[in-house]
Amino acid sequence: MTQATLAQTVASMLLDVKAVRLSPDKPFKWASGWNSPIYCDNRITLSHAKVRTAIRDGLAAAVKAYWPEVDIIAGVATAGIAQGALVADFLDLPFCYVRPEPKKHGMGNQIEGEIKAGQKVVLVEDLVSTGGSSLKAAEALRDAGANVLGMVAIFTYGFNVASQNFAEKGLKFYTLSDYETLLEEAKKKNYVTESQMITLQEWRHDPANWNI
Ligand SMILES: O=P(O)(O)OC[C@H]1O[C@H](OP(=O)(O)OP(=O)(O)O)[C@H](O)[C@@H]1O
Ligand SMILES: O=C(O)c1cc(=O)[nH]c(=O)[nH]1
């Protein structure tokens, strides 16, 4: 399957399981604090065995293609944990996951599971908006002495701010699908009305300042 076909297939699956929600009148609040007329809830894909497996296969294939030397998979908490564990299991690799911050009780860990200094790690994230969550996880792994090879994710909105942040911090990344492809597939399936499509395109130009 070519990259473009895979991006279309994954976008189509996300729409079919209703992982993509639109609410222009009552915007969603994102992790970054941005308001958005759209929310892509990849967690829903876990409830659909065929979709979950197709995503696992796509992510695992990317890990093997780009970073065959990988020693360990790390999931970004929380939405990246389940898919990360599935990918690690499929590739017969160790697994750990990274919290956004150290736990406030118990062991006080930010990284859960074992990771050794010098190990080559690939992060699994569900979705990239600004990239802040992925970068935080990469930083925690680097602080622990790991060699972060890169990150794979299901979906990206393709914002410049994310690519710039990743480039600055030297984090290579690969995603199965993206916003542009999602809109094309949504149009084909009549998933969005014309006025919703206009809102989605307008929002995409300046998401940080939309509807504030
Ligand atoms: O690229 P960013 O701007 O950081 O946004 C993307 C992050 O936001 C979501 O996580 P959320 O913080 O909602 O938490 P969850 O994974 O625990 O559901 C998503 O799962 C990504 O981790
Ligand atoms: O940026 C976010 O918080 C975010 C956006 C989105 O579409 N889906 C999601 O799970 N998180």
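Each value, and the rule that gives it
- Residues numbered from 1 in each chain as written.
- Chains lettered and ligands numbered in written order.
- Predicted model: local features only at pLDDT ≥ 70, side-chain atom pairs only at ≥ 80, totals over all residues.
- Heavy atoms only, no water.
- Near = heavy atom within 4 Å.
- Polar contact = N/O pair within 3.5 Å; in protein donor to acceptor, adjacent residues only side chain to side chain.
- Areas by Shrake-Rupley, 256 points an atom, 1.4 Å probe, with all protein chains shown as cover.
- 1 Å grid on protein atoms, 1.4 Å probe; cavity = no way out; pocket = protein on both sides within 12 Å on 5 of 7 lines; lining within 4 Å.
- Sits in = over half its atoms within 2 Å of the grid points.
- Helix = DSSP H or I, 4+ residues; strand = E, 2+ residues; numbered from the N terminus.
- Buried < 20%, exposed > 50% of the residue type's maximum accessible area, 1.4 Å probe, protein only.
- Salt bridge = Lys/Arg side-chain N within 4 Å of Asp/Glu carboxyl O.

Engineer: Teacher, can you tell me more about the site of ligand 2 here?
Structural biologist: By nearness alone, every residue bordering ligand 2 is listed as Trp30, Ala31, Tyr39, Cys40, Arg43, Leu127, Ser129 and Tyr157. Contacts to ligand 2 include arginine 43, whose side-chain N or O atom sits 3.0 Å from an oxygen atom. Within the side chain of tyrosine 157, a nitrogen or oxygen atom sits 2.5 Å from an oxygen atom of ligand 2. Protein contacts shield 92% of the accessible area of ligand 2, which totals 290 Å² for the unbound molecule. When atom positions are compared with the pocket grids, ligand 2 is found to occupy the largest pocket.

Engineer: Looking at this structure, how should I read unusual backbone geometry?
Structural biologist: Backbone geometry follows two general trends: most residues other than glycine have a negative phi, and most peptide bonds adopt the trans configuration. Of the consecutive residues alanine 77 and threonine 78, the connecting peptide bond is found in the cis state with omega at -10°. As for its position among the elements, threonine 78 is in the loop between strand S5 (72–76) and helix H3 (79–91). At lysine 18, a position not held by glycine, the phi torsion is positive, near 60°. Within the fold, lysine 18 resides in the loop between helix H1 (3–16) and strand S1 (20–22). In this structure, asparagine 190 is a non-glycine residue whose phi angle is positive, near 55°. Examined against the element boundaries, asparagine 190 turns out to sit in the loop between helix H6 (179–188) and helix H7 (194–205). When its relative accessible area of 67% is taken as the criterion, asparagine 190 is described as exposed.

Engineer: It is not clear to me how the site of ligand 1 should be interpreted in this structure. Could you clarify?
Structural biologist: Near ligand 1, the surroundings consist of 14 residues, among which Thr78, Asp126, Thr130, Gly131 and Ser133 are the closest. Taking alanine 79, its main chain carries an N or O atom lying 3.0 Å from an oxygen atom of ligand 1. Between ligand 1 and the protein, one listed contact pairs an oxygen atom with a side-chain N or O atom of aspartate 126 at 2.5 Å. About the coverage of ligand 1: the protein hides 79% of its 500 Å² of free accessible area. When atoms are counted within 2 Å of each cavity's grid points, the one that captures over half of ligand 1 is the largest pocket. For the shell around ligand 1, the secondary structure elements donating two or more residues are strand S8 (120–128) and helix H4 (132–143).

Engineer: How should I be thinking about the pattern of salt bridges in this particular structure?
Structural biologist: Pairing is possible between side chains that carry opposite charge, provided their charged atoms lie close to one another. What the rule picks out here adds up to seven salt bridges. Arginine 99 is the partner of glutamate 112 in a salt bridge, and the nearest nitrogen-oxygen pair spans 2.8 Å. Taken together, the positions of glutamate 112 in strand S7 (residues 111–112) and arginine 99 in the loop between strand S6 (95–98) and S7 put the pair 13 residues apart, joining distant regions of the chain. Taking relative accessible area as the criterion, glutamate 112 reaches 17% and is therefore assigned buried. Where lysine 104 meets glutamate 101, a salt bridge forms, and the shortest distance between an N and an O atom there is 2.5 Å. Since its relative accessible area comes to 41%, glutamate 101 is described here as partly exposed.

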